[in-house]
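# Survey of secondary and tertiary structure
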Amino acid sequence: CPLDFDLTKDRVGDDTGSGTIAITPAPFSVRVEAEGLGPPSRWLRPGSAAAAAGASVYAVYLSQGTDNPVGGLVCVLDDDLACTGDQIPNPGVTYDRVSVLAVDDPGEFPPIAEGFDRLVATNSFAIPFAPREG
């Protein structure tokens, strides 16, 4: 399905770029392909702590919960703005959202306030799912 840029259009106008995401729950895999995103720093909310810290890459995260999301890294977009991940960040967890964030340290799942300040695109799932290996 297409990446959803609705929450970040205020930040970058209609210059969001585009992309797709494909998720297979079993065996688990996530594939993201994007284009026209520009440098990661352009997505950071101006005046935020995230903007002060900066961003050097785009990372894809699965998360559960909206008010206090818990999640983990799936993959980091390469120079062609694509990545595939097949490692379940937190096995046994049910996920309800996949997001692309502009980050400097993709291994750290950002806290909710900073996560929003780094948000590029986010898609929620109508039915949460628990990924499974093979």
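Above this note sits the structure.
About the cut-offs
- Residues numbered from 1 in each chain as written.
- Predicted model: local features only at pLDDT ≥ 70, side-chain atom pairs only at ≥ 80, totals over all residues.
- Heavy atoms only, no water.
- Core = buried A, V, L, I, M, F, W, Y, C linked by side-chain atoms within 4.5 Å.
- Buried < 20%, exposed > 50% of the residue type's maximum accessible area, 1.4 Å probe, protein only.
- Helix = DSSP H or I, 4+ residues; strand = E, 2+ residues; numbered from the N terminus.
- Pairing = 2+ DSSP bridges.

### Things to note about the nonpolar core
- Counting 31 residues, the largest nonpolar core has Val32, Leu37, Tyr58, Val60 and Leu77 as its most contacted members.
- Secondary structure elements with two or more residues in this core: β2 (28–35), β3 (57–64), β4 (70–76), β6 (95–103) and β7 (119–129).
- Grouped together as the second largest cluster of nonpolar side chains are five residues, Ala59, Tyr61, Val103 and Leu119 included.

### Remarks on the pairing of β3
- The buried fraction of β3 is high, at six of eight residues.
- Direction of pairing for β3 relative to β6: antiparallel, over a ladder of seven bridges. Bridge pairing in β6 links Val60 to Val100.

Remember that the coordinates give geometry; whether it matters functionally is a separate question.
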